[in-house]
Every structure is written in C-alpha cells, then in structure tokens.
Amino acid sequence: MTVAHILAEKGASVITVRPGNPLADAIHLLVENGIGALVVMDEAHTVVGIISERDIMHALATHGTSALDLPVSSQMTRKVVTCRRETTNDEVMQLMTEGRFRHMPVCESGKLVGIISIRDVIERQLAVLEAERQAMHDYINMA
Ligand code: AMP
C-alpha cells in the first residue's frame, strides 16, 4: 500500500495558509476544515513550512492571547519532511515516528499534490490487517 492509494481515496486537496497571515487565521482554517495542520505556502506557491495545532498551543502557552496576532511564519516548522506518491505506508509510519509528527505533505516534481495524516495511514493499515485476518479465517474454515 502506498501514499498514492490513500490519495486516490481521500483526494488531493490541501488547505494552505500564507506565512504572513496571523495565527488567528490558521486557527480558523484548522477548525473550519476539521484538520490538524496547514501547509504554509508563499505567493510563488512554494512550500515554506508547516504549522500544526501543536505549534499553536505552544505559541499560546508562551505568549498568551497575543499569539493570535503573530505571523504564521514565526511559529511554523520550516524544515518540512515530505513524501512521494510511491512512498509506502510503512515508510510513512517510520518517518512520522522518527520525526514525531502526524502530518506529511506529498510532493511530486516539487509540486504539492496532497497531504496525509497518521490517521489516514492507520485506517488503511487496519483495513489491510482485517482483510488478512478474514482471509486466514476463511482458509482455516475451508480445511
Ligand atoms: P503534528 O504531530 O503533525 O501535529 O506536528 C508536531 C510538530 O511537527 C509541529 O511542530 C509541526 O510543525 C511539525 N511537523 C508536522 N508535520 C511535519 C512534517 N511533515 N515535517 C516536519 N515537521 C512537521
């Protein structure tokens, strides 16, 4: 199972935010879309960072409500780990575990083509495990 399978099911849409926008905008986007992270893109459509709910909680804990006016660029992670369509689910889980993050933009030829979360990966892994369990069950009952 690869990232391409996940994107085929969930689609390629990615919610993005500009680096100069205030954190308040990022919070609204996260809440309105029911997601946990936003890819930060500049005017040239280059990925310049990622900001997750965890970064926002950190900013609020440090600066209080004045954090809402801080630019996204001040709180985002700049070194974004991305994957490709061909990346396997196992590789994604390994990268997420090692990097201690739960979101991963998918890029192809330098272009953003989707985003996957740890939930997407786990859901598919559970489906695979269930299919294997069922196949084993059927095999044993056949014998
Ligand atoms: P998350 O677990 O995704 O909420 O993110 C935890 C931390 O990792 C936050 O500081 C995020 O900005 C950062 N982060 C999330 N996704 C990535 C990624 N793909 N590459 C690098 N950092 C990330």
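Just so you know, these numbers come straight off a predicted model, no measurement behind them.

Criteria and cut-off values
Residues numbered from 1 in each chain as written. Predicted model: local features only at pLDDT ≥ 70, side-chain atom pairs only at ≥ 80, totals over all residues. Heavy atoms only, no water. Salt bridge = Lys/Arg side-chain N within 4 Å of Asp/Glu carboxyl O. Helix = DSSP H or I, 4+ residues; strand = E, 2+ residues; numbered from the N terminus. Buried < 20%, exposed > 50% of the residue type's maximum accessible area, 1.4 Å probe, protein only. 1 Å grid on protein atoms, 1.4 Å probe; cavity = no way out; pocket = protein on both sides within 12 Å on 5 of 7 lines; lining within 4 Å. Points joined across faces, edges and corners; volume = space filled by probe spheres on them. Nonpolar A, V, L, I, M, F, W, Y, C, P; charged D, E, K, R; others polar. Axes fitted to C-alpha atoms, helices over the stretch in contact; angles between N-to-C directions. Parallel < 35°, antiparallel > 145°, perpendicular 65-115°, else oblique. Contact = heavy atoms within 4.5 Å.

**Considering the pattern of salt bridges**
Part 1: A full pass over the atoms with the stated rule returns 8 salt bridges.
Part 2: The closest approach of N and O atoms between Glu9 and Arg124, which form a salt bridge, is 2.9 Å. You can see Glu9 sitting in helix α1 (residues 3-10) and its partner Arg124 sitting in helix α5 (residues 118-142), a full 115 residues away along the chain.
Part 3: Judged by relative accessible area, Arg124 falls into the buried class, the value being 10%.
Part 4: Across the pair Lys10 and Asp120 runs a salt bridge, and its minimum N-O distance is 2.9 Å. Taken together, the residues Lys10 in helix α1 and Asp120 in helix α5 connect sequence positions 110 residues apart.
Part 5: The network of salt bridges with common partners includes Glu9, Lys10, Asp120, Glu123 and Arg124.

**Things to note about the layout of surface pockets**
Part 1: Roughly 380 Å³ of volume is contained in the largest pocket.
Part 2: Every residue lining the largest pocket is counted, 20 residues in all, and those nearest its centre are Lys10, Ile35, Gly36, His103 and Ser117.
Part 3: Counted as a void, the second largest pocket has a volume near 280 Å³.
Part 4: Taken together, 13 residues form the lining of the second largest pocket, with Ile50, Ser52, Thr77, Arg100 and Phe101 sitting closest to its centre.
Part 5: When contributions to the lining of the second largest pocket are tallied by element, the ones reaching two or more residues are β3 (47-52) and α3 (53-63).
Part 6: A class-by-class count of the residues in the lining of the second largest pocket yields 5 nonpolar, 3 polar and 5 charged.

**Things to note about the packing of α1 against α5**
Part 1: In the contact formed by α1 and α5, the axes pass within 11 Å of each other and the chain directions differ by 100°. Taken as axis vectors, α1 and α5 run roughly perpendicular relative to one another. For the pair α1 and α5, the contacting residues are Ile6, Glu9 and Lys10 in the first and Asp120, Val121 and Arg124 in the second.
Part 2: Classifying every residue of the contact of α1 with α5 by side-chain character gives 2 nonpolar, no polar and 4 charged.

The quantities given are spatial measurements derived from coordinates; they are silent on function.
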